[in-house]
Amino acid sequence: ARWEGYLPARATLAVTVTSGDEVPLAEEAMFAVLKELGFSVVEGSLRIQSLPAATRWYFVAEADRARAGAVLPEVARRLRACVGVQGVEIAHARN
């Protein structure tokens, strides 16, 4: 526990974005929104699941600076407003 104070403490989020098949996700817009909110998608964390009537994207987003980044409801609201997004799930992830 004593060493945790020396480790970088960046907010890290586990994100799931669901889209329907009729409108594709605007990937660049989604990632730009995260950047505006102070987050970057962690390289190698993207996983895409194709379902019969939907597509789900799973990824980890990390705050660009320690103790930075928007709060969960704001991230969810802004991602939900992106073209093609039907649903968003976000949870804190340990880094």
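Up top you'll find the structure we're talking about.
Residues numbered from 1 in each chain as written. Predicted model: local features only at pLDDT ≥ 70, side-chain atom pairs only at ≥ 80, totals over all residues. Heavy atoms only, no water.

Q: Honestly, the environment of Leu 46 in this entry has me stumped. Any pointers?
A: Looking at the element boundaries, Leu 46 is found in the loop between strand E2 (39-41) and strand E3 (47-50). Between the C-alpha atom of Leu 46 and that of Val 60, which follows or precedes it by 14 residues, the distance is 7.3 Å. Apart from the residues within four sequence positions on either side, Leu 46 is in contact with Trp 57, Tyr 58 and Phe 59. (Helix = DSSP H or I, 4+ residues; strand = E, 2+ residues; numbered from the N terminus. Contact = heavy atoms within 4.5 Å.)

Q: How do you make sense of the pairing of strand E4 (residues 54-63) when you look at a structure like this?
A: Counting buried positions over the 10 residues of E4 gives 7, a clear majority of the element. Summarising the sheet, strand E1 (residues 12-20) and E4 pair through 9 bridges and their orientation is antiparallel. Each bridged residue has a counterpart across the sheet, and for Thr 16 the counterpart in E4 is Tyr 58. Bridging between E2 and E4 involves 3 bridges; their strand directions are antiparallel. Its bridge partner being in E4, Phe 39 is matched across the sheet by Ala 63. For E3 and E4, the ladder comprises 4 bridges, and the chain directions are antiparallel. Bridging across to E4, Arg 47 finds its partner in Tyr 58. Joining the antiparallel neighbours E3 and E4 is a turn of 3 residues. (Buried < 20%, exposed > 50% of the residue type's maximum accessible area, 1.4 Å probe, protein only. Pairing = 2+ DSSP bridges.)

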